[in-house]
Amino acid sequence: MSRRVEPSIGLPPRDWTRSDVAIEPRLPAAGGLDHAPDVDAPVARDITADAGLDRISEAPQLRRPIETGTPVQGPDWAALFDQSPIMQAVLTLDGDVIAANDQAVMLSGWPREVLIGQPFWDAPCWNPDEINRAQGRHLINVAAAGVISREQRSCQLLDAEGQLQQRSIELTLTPLRDAHGRVVHLQVIGVDISELENRWQEISDQGVRLFESTLQALPSALFICEAPSGRLMYANEPFDALWRQSVQPVMSFDDYGQWRGYDAEGRRYDNRQWPMARAILSGDVVRGEHVEIERGDGSRGLLRMSAAPVRDNTGQILAGVVICDDITELRQLELAHSQAQVREAAAVEASQLKSAFLSSMSHEIRTPMNAIIGMTSILLDTALSAEQRDSAEVIRSSGEHLLTVINDILDYSKIEAGRMQLEYTTFSLHECIETSIDLVAGSAQKKNVELGYLIAAGLPDTLLGDSGRLRQVLVNLLSNAVKFTPDGGQVSIEVHAQALADQAYQIMIDVRDTGIGIDPAVLPTLFDAFTQADASTTRRFGGTGLGLSISKRLVELMGGEIGAESEPGVGSVFRFSFRTEAVALQQRVAASTLSSASLRGRRVLIVDDIEINQRILRHYAEQWGMTPVCTTSPIEALNWVQRGDAFDFALLDFNMPAMDGMQLSRALRELRSEAELPILILSSAAQEVHEPGVVSGIVMKPIKPSRLLEEMNAVLLKTTAVRPAASASYKLPHDLGERHPLRILVAEDNAVNQKVARLLLQRLGYNADFVGDGREAVTSVERQTYDLVLLDVQMPVMDGLSAAREITQRWPTGQRPRLVAMTANATLEDRRACEASGMDDYIAKPVAPERLVDALQRCPRRDDLAAVDEDRDFNPDMVASVRATFDDEGLQEIVAALVLDLPRQQREIALAIEQRQSAPLIRQAHTMRGNCEMFGALQLAALCRQVELRAAVDLDTALTDAGPMLSRYQTLVQRLNRLAPIH
């Protein structure tokens, strides 16, 4: 009987009735089966008339191999037919056998002489009953009609031991046609597929077992209910565990009553309200419905149930499948998490209140601190005895230390409250490091600690980031390094970079010292708040223990990491990184690349007993194209010169054992004249060390490449480079009022602060007007012309921010004074609030004299005329100053950078106007402002700054001003290009 065998799971079904034969075979041409057929011109023949197919297997000449010497005309088709491993037979159109090979004879169970002429389906192997004969006649009729038919049949065979075996045979009946296309005979091919079928059945059984094992292994409870009765057909093991009882037989929906479940409203489910019942009866798909149940042990649990109907090809529902998950513990965790969120919100609120309190306290403390530090600075600028000066210095240093503690606590509170934000601007990495070193240079000189820094070659100098916060991290690490390094030690900075994609860089900075080191047990908690290396550290060295914790948070905000390595008694290395972007050359060109042409190819002798100093000097010498020759021994250097080695320069450290730099200079001068061997002394001492004719120049440590390059060029040109003042105290420029006259108004309500400001300004040569609130300031500006208004932010009647907003609204840029905020609120948010109100500058209290001087020098004196012409956007004196600083070649390089960058700026601003985007407009306005300030185009710089600030709050106005800003900036660049044309 025919049947279809298909695997239950995992394997594709086989279609035993499908025909893969595209071309129907034809009989071989006349001449018999003992020569090859001509496939190009097939000719049909009557196989019964040509020797008869019933005698193919009996013909000895066709059944035996061709004997030796017989001419070979083609394959022995009869032998191939007989010896084929598959059953083959040829039938009449009525189904009688007229030819059969050995396999067909063996399969039939009859001798060949009996089989030939008998109906094919009467062979004993086919179990010839009426049904099988009828099915066989049907196949023959289909093939006789010209259609290839295929069927699988069961066959009974005797094995070698005489046992009857059931085999599966795949039969294919193919019509054979004559030259006219008429079907004249049928070909039968049979293949024993018993082994293949057994393998398929085995695979099918494995799939079923795998499927059942998978269902049992599911962590979720799964059961299947029959439709439409609701009878439980299958349930995996977690199902019983879910209910914590043995489920009784469920034959219909009426048996669902043994389960007690409740919906989200607490109503008990009716038997037909359960998700599985709704899936079977209504075809609903239920997703994640929460059901509270009563378990068999009396406890309650929460289930998440999903149910869906299973349909056949016609869409009729056959069953319903349900998946349940016990989410009792999850709900408990959610409740606990919700309670934790409430507690967290309360903690955040408390932190915000704490931050607000600390900010307020900071302001209250800074106000008297402004008077203390300001008056002390004025006092130090007067004639004092040594004892009085020492006392005043103690007062000022103590005040500055207290201010540092206040800043640390304020920064830490902002970080804890999540209010610390970075301010991204372009900055010079060299300048940031040098200014950081300058801030600790005084402390290092007192302890005779060597300071130095080394930046790897090829690292971009102009970066985008928060230079203030980077400097804060550097100063903190450098201060700690100097603090914990004994007298005569070394502290150095080494900078490396890893290039990322799209001009991005990962900057790595190492701060090394030869200090007391840190106990390895303390390193894991070193960056925790209020942590120091040991309990005595605070007593011995001071500090809050917040510096490293703040540095860690700042570094993480900048996209980097920070860590430390240390060996007690040897020293420490603090290593941190941050992400940044390189910025195309805009305002400045690094000094190390401008004036080094005259040094290329020269040999320089470097003598320093400290390895890091040698590395720094060698690095810069090689960067400038020089050939450095280094040694730590003055005697060795002297021997080199004595034997005739040629050197164009000598760089000698002042403090060296056995023979210091001056002694070595005198010895070298006896061998070479100053013209033959210029000598530069590298000194950390505060006083100048100079002997005419012996030493050509002095470079103060820490070594700055720009200063060293300037001094070396000065020696070559026989000019005197400007040396920095030896005193660490800031000297007020008493003639500033004469050199840079300004009309100044000060709005300050605190009488003490008014006195401090009046005395400072008088010392600088200014007589300022004073008012007590913002309203009086606006009235004063209305009444007379001022170049500068210093506005305290917190004042009665009208505060400084409100006054700034009213002044900027009533008077446009160029017709109003420059507004400078003075505030004890030192947060980034306070600074941004000042900028948003229209302030042009910002000074934090306590007001440092040098910062006030910088603010005054940035303020231009304005005329009373409101008109703005082209010449107001151009300052020849500033151009001459830039030329004097960088020489003609340097000026041309800067102007070339401006000219080359102008088309890109034009495109970005045009795109910003077209697409109404603030970010590119802010970026380009900021860049243009810096370029304008460098060349003294201050009114245009003010317009750029106005566009930059307004783009964030009033885009329409900013876009309106962007066109005139760009037009005036183009004119400025064109005029600069005429003065310093690009070759």
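Residues numbered from 1 in each chain as written. Predicted model: local features only at pLDDT ≥ 70, side-chain atom pairs only at ≥ 80, totals over all residues. Heavy atoms only, no water.

Visitor: Explain the packing of aromatic side chains here, please?
Guide: Each aromatic ring pair is described using two quantities: the centre-to-centre distance and the angle formed by the ring planes. Here the structure, examined in full by the defined rule, presents eight aromatic pairs. Between Phe120 and Trp126 the ring centres are 5.6 Å apart and the planes differ by 45°, which places this aromatic pair in the tilted class. In this structure, Phe120 and Trp126 share a single accessibility class: buried. Summarising the aromatic geometry, the rings of Tyr620 and Trp624 are spaced 6.0 Å apart at their centres and angled 20° between planes, so their arrangement reads as stacked. Looking at Tyr620, the relative accessible area reads 2%, which means it is buried. One aromatic cluster is present, formed by Phe120, Trp121 and Trp126 through successive ring pairs. (Phe/Tyr/Trp six-rings, centres within 6.5 Å; stacked < 30°, edge-to-face > 60°. Buried < 20%, exposed > 50% of the residue type's maximum accessible area, 1.4 Å probe, protein only.)

Visitor: Please clarify how the pairing of strand 24 (residues 744-747) should be interpreted in this entry.
Guide: The side-chain alternation of strand 24 yields two buried faces, one formed by Ile744 and Val746 and the other by Leu745 and Ala747. Alignment of strand 24 against strand 26 (residues 788-792), held across four bridges, turns out to be parallel. Within the sheet, the bridge partner assigned to Ile744 lies in strand 26 and is Leu788. (Helix = DSSP H or I, 4+ residues; strand = E, 2+ residues; numbered from the N terminus. Pairing = 2+ DSSP bridges.)

Visitor: Just to check I follow, could you spell out the UniProt feature "modified residue: 4-aspartylphosphate" (unreviewed entry) in the protein chain for this structure?
Guide: Within this structure's numbering, the places UniProt gives as "modified residue: 4-aspartylphosphate" (unreviewed entry) are Asp653 and Asp792. Within the secondary structure layout, Asp653 lies in strand 21 (residues 649-653). If near-sequence neighbours (up to four positions away) are discounted, Asp653 is found in contact with Glu450, Val607, Asp608, Asp609, Asp660, Gly661, Leu682 and Lys701. When sequence neighbours within four positions are dropped, the list of residues in contact with Asp792 reads Ala747, Glu748, Asp749, Gly800, Met822, Thr823 and Lys845. (UniProt positions renumbered as here; feature names shortened; annotations may be inferred. Contact = heavy atoms within 4.5 Å.)

Visitor: Explain the nonpolar core here, please?
Guide: For soluble globular proteins, the rule of thumb is that nonpolar side chains tend to be buried together. Counting residues in hydrophobic clusters, the biggest one holds 68 residues, and the most contacted among them are Ile493, Ile509 and Phe576. Two domains each donate at least three residues to this core, and these are domain 3 (421-582) and domain 4 (588-717). With residues up to four places along the chain from it excluded, the contact list for Ile509 reads Leu470, Leu474, Ile493, Glu494, Val495, Phe574, Arg575, Phe576 and Phe578. Among the nonpolar cores identified, the runner-up in size contains 33 residues, and Val879, Val882, Leu891 and Val895 belong to it. (Core = buried A, V, L, I, M, F, W, Y, C linked by side-chain atoms within 4.5 Å. Domains from an automatic or database assignment.)

Visitor: Whenever I open this one, the packing of helix 26 (residues 919-934) against helix 27 (residues 938-953) confuses me. Can you help?
Guide: The relative placement of two packed helices is expressed as an angle between their axes plus a distance between the axes. Between helix 26 and helix 27, whose axes approach to 8 Å, the crossing angle comes to 160°. Between helix 26 and helix 27, the angle is such that the two are roughly antiparallel. Seen along the crossing, helix 26 lies across helix 27 with a hand that is left-handed. In this structure, helix 26 uses Leu921, Ile922, Ala925, His926, Met928, Arg929, Cys932 and Glu933 to contact helix 27, whose residues at the interface are Leu938, Leu940, Ala941, Cys944, Arg945, Val947, Glu948, Ala951 and Ala952. Of the residues in the contact of helix 26 with helix 27, the class split is 12 nonpolar, one polar and four charged. (Axes fitted to C-alpha atoms, helices over the stretch in contact; angles between N-to-C directions. Parallel < 35°, antiparallel > 145°, perpendicular 65-115°, else oblique. Left-handed = near helix turned anticlockwise from the far one by under 90°. Nonpolar A, V, L, I, M, F, W, Y, C, P; charged D, E, K, R; others polar.)

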